[in-house]
Amino acid sequence: MTVPDLVIGGNRQQTAMSSKIRVCTNQDSQVLAETIRKSFQDVAERFGLTRENVPRHPSNCTADWIRKDMARGVVYFAIENGNQIMGCVALEWANTEVGYLERLAVLPGHRGHGFGKALVEHALSEARHLGVDYVSIGIIAEHTELKDWYKKLGFFEGESKEFPHFPFGITFMSYAVGKTLQRCAPQDGGPCRLY
Ligand SMILES: CC(C)(COP(=O)(O)OP(=O)(O)OC[C@H]1O[C@@H](n2cnc3c(N)ncnc32)[C@H](O)[C@@H]1OP(=O)(O)O)[C@@H](O)C(=O)NCCC(=O)NCCS
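The paragraphs below set out a description of the structure included in this document.

Calculation rules
Residues numbered from 1 in each chain as written. Predicted model: local features only at pLDDT ≥ 70, side-chain atom pairs only at ≥ 80, totals over all residues. Core = buried A, V, L, I, M, F, W, Y, C linked by C-beta atoms within 7 Å. Buried ≥ 20, exposed ≤ 12 C-beta atoms within 10 Å, placed from the backbone. Helix = DSSP H or I, 4+ residues; strand = E, 2+ residues; numbered from the N terminus. Contact = placed C-beta atoms within 7 Å. Pairing = 2+ DSSP bridges. Axes fitted to C-alpha atoms, helices over the stretch in contact; angles between N-to-C directions. Left-handed = near helix turned anticlockwise from the far one by under 90°. Nonpolar A, V, L, I, M, F, W, Y, C, P; charged D, E, K, R; others polar.

In this section: the nonpolar core. Core analysis: the biggest nonpolar cluster contains 46 residues, and Cys88, Val89, Leu101, Leu119 and Ala123 have the highest contact counts within it. When residues of this core are assigned to their parent elements, the largest contribution, seven residues, is made by helix H3 (residues 115-130). Aside from chain neighbours lying at most four places away, what touches Leu101 is Val89, Leu91, Val120, Ala123, Val135 and Ile137.

Turning to the pairing of strand S3 (residues 84-93), a few remarks are in order. Counted residue by residue, S3 has seven buried out of ten residues, so it is predominantly covered. As judged from the seven bridges shared by strand S2 (residues 75-81) and S3, these two strands associate in the antiparallel manner. Across the sheet, residue Phe77 finds its bridge partner in S3, namely Val89. Hairpin connection of S2 to S3: two residues between the antiparallel strands, including Gly82 at a positive phi of 65 degrees. Here six bridges tie S3 to strand S4 (residues 98-106), and the two strands are oriented antiparallel to one another. In the strand pairing of S4, Leu91 is matched with Leu101. Where S3 folds back onto S4 in an antiparallel hairpin, the turn is made up of four residues.

Across the interface, helix H1 (residues 29-47) lies against helix H2 (residues 63-71) with an axial gap of 8 Å and an inter-helix angle of 115 degrees. Judged by the sense of rotation from one axis to the other, the crossing of H1 with H2 is right-handed. Here Ser29, Gln30, Leu32 and Ala33 of H1 come into contact with H2, specifically with Ala63, Trp65, Ile66 and Arg67. Residue composition of the contact of H1 with H2, by class: five nonpolar, two polar and one charged.

Quick look at the structure:
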């Protein structure tokens, strides 16, 4: 199955209500990779990211990455309408207290209908169900609209850091699923992951 990068006409009626979120399997890895690559293309273009300067950026995602993620316990969720995957998110467990929200992606032609919010809320609810204290994400520090969007969803902004292998700073954000928020700012050697 291929993923259309733009749905022409009609999709304005789509709402998060008429879609469903499900857990993915290995069989979805090809479509998930394509969805992630296409969704992160605009981010890569905006921040000048290429296969050479950030090879592990999601705009270069392959089915093999997804299969390897799944093999080490990362859970992928897809939002779909009928059989068409419109977006996805992944949840990884750093330890019993911390979950990482990763690979959040909604295809450009399906944005602005609440699918992104629905995916994040679904991942948070899964994390809550599994008993972690907080869910953490690392985003490009200059990606201010995204930062604001996560804040609207209830995430708190933590510290920003530079890393030698990234040509941009990373801001860490956390959502308190359980009780404490004090530990949300990543410590050296603590949880830190770029989506
Ligand atoms: C971030 C993303 C998943 C949001 O998906 P979505 O389905 O459009 O999200 P929602 O419909 O729930 O929310 C859309 C709202 O967020 C705003 N928004 C979120 N991210 C934004 C961004 N990067 N740039 C501009 N606006 C953004 C939209 O303007 C919109 O606001 P409105 O409802 O007031 O019109 C999607 O933009 C995407 O896939 N972006 C590229 C990949 C990416 O950056 N992923 C996040 C990695 S942490």
